[in-house]
Amino acid sequence: MYNPISCEFFDQLNVAMQRKIPSTIVYFKDENLEEKLTIKGLVATMEVIDGIEFLVLNTKEKIRLDLVITFNGKKHREG
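The text that follows walks through the structure, step by step, so that each part is easy to find. (Residues numbered from 1 in each chain as written. Predicted model: local features only at pLDDT ≥ 70, side-chain atom pairs only at ≥ 80, totals over all residues. Heavy atoms only, no water.)

1. Some thoughts on the packing of aromatic side chains
Within the structure shown, the criterion is met by one aromatic pair. Taking 6.0 Å as the distance between ring centres and 55 degrees as the angle between the ring planes, the aromatic pair formed by Phe9 and Phe71 counts as tilted. Remark: Phe71 occurs in strand E6 (residues 68-71) and Phe9 occurs in helix H1 (residues 7-19); sequence separation between them is 62 residues. Residue Phe9 is classed as buried on the basis of its relative accessible area of 2%. (Phe/Tyr/Trp six-rings, centres within 6.5 Å; stacked < 30°, edge-to-face > 60°. Helix = DSSP H or I, 4+ residues; strand = E, 2+ residues; numbered from the N terminus. Buried < 20%, exposed > 50% of the residue type's maximum accessible area, 1.4 Å probe, protein only.)

2. Digging into the sheet that holds strand E4 (residues 52-57)
With antiparallel pairing, three strands are arranged side by side in an open sheet as E3-E4-E5. Strands at the two margins of the open sheet, each flanked by one partner only, are strand E3 (43-49) and strand E5 (62-64). Across this sheet, the average inter-strand angle for adjacent strands is 30 degrees, counted without regard to direction. Where E3 and E4 come together, six bridges link them in antiparallel fashion. (Pairing = 2+ DSSP bridges. Axes fitted to C-alpha atoms, helices over the stretch in contact; angles between N-to-C directions.)

In short, the description is geometric, and any link to function would need to be established separately.
Okay, structure coming up:
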């Protein structure tokens, strides 16, 4: 089940995207919440697919926003 992200997190993503800030993202691989992954890149855009929000990196990697644990060191969910 998808859980919407906070407005604060959304704003942080927008700033990173507009200013082209290199970002480090720690997130769960999937909804099982078992495997954590870390990726670095630039946030290119955000999109909604079937009602679920994703951030899209310049590498075309898509990360489901509600699975993000930390974004540039700021915690957004328990991990």
